[in-house]
Amino acid sequence: MRMHDPFEESLRDLLKSSALAHDDDAALGRVLKMASRQAGAGDLFALVGHWFEALMIGLNNGSPHIAPVSRRSTLDSFADKAD
C-alpha cells in the first residue's frame, strides 16, 4: 500500500496535463523545474529550522554566562557594611 504524497501527485498531474501537447522534453523540463523548486523550498525551510534550533541551544547554554559579575570579592562587601 502506497502512502499519498501530495508533492508526487502534483508532479504527476503536471506531467499528464503536459503530455497532451506531445512535447515530452518540454513536459519533462517543466516537471523537473517544479520538482526542483519545491525540493529547494523544503531544503531552505529545513535549513532555517536547524539554524533556529542551533541558535536556541546556544542561547540556552550561554545564558548562565550573561549574568552580571561583580569584580569585588565577598570579603570587600562585608567590610563596607556598617556595624
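Regarding the overall build of the chain
And step 1. Assigned secondary structure in the chain consists of three helices and zero strands.
And step 2. Walking the chain from its N terminus toward its C terminus, one meets helices and strands in the order α-α-α.
And step 3. By the burial criterion, 6% of the 83 residues in the chain qualify as buried.

So, a nonpolar patch on the surface
And step 1. A cluster of nonpolar side chains, contributed by W51, F52, L55, M56 and L59, occupies part of the molecular surface with about 530 Å² of accessible area.
And step 2. Checked against the element boundaries, L59 lands in helix α2 (residues 24-62).

Section: α2
And step 1. Taking 1.5 Å per residue as the helical rise, α2 with its 39 residues ought to reach 57 Å, and the 56 Å between its terminal C-alpha atoms agrees with that figure.
And step 2. Looking at α2, one finds that the buried residues are A27, V31 and A35.

Some points on the confidence of the model for the chain
And step 1. With 73% of its residues at a pLDDT of 70 or more, the chain has an overall mean of 76.
And step 2. Across the chain, the secondary-structure element scoring lowest on mean pLDDT is helix α3 (residues 74-79), at 56, and the one scoring highest is α2, at 87.

Rules and cut-offs
Residues numbered from 1 in each chain as written. Predicted model: local features only at pLDDT ≥ 70, side-chain atom pairs only at ≥ 80, totals over all residues. Heavy atoms only, no water. Helix = DSSP H or I, 4+ residues; strand = E, 2+ residues; numbered from the N terminus. Buried < 20%, exposed > 50% of the residue type's maximum accessible area, 1.4 Å probe, protein only. Patch = residues over 30% accessible without salt bridge, like charges linked within 9 Å, V, L, I, M, F, W, Y side chains within 5 Å. Areas by Shrake-Rupley, 256 points an atom, 1.4 Å probe, with all protein chains shown as cover. Salt bridge = Lys/Arg side-chain N within 4 Å of Asp/Glu carboxyl O. Expected span 1.5 Å × (residues − 1). pLDDT = per-residue confidence, 0-100.

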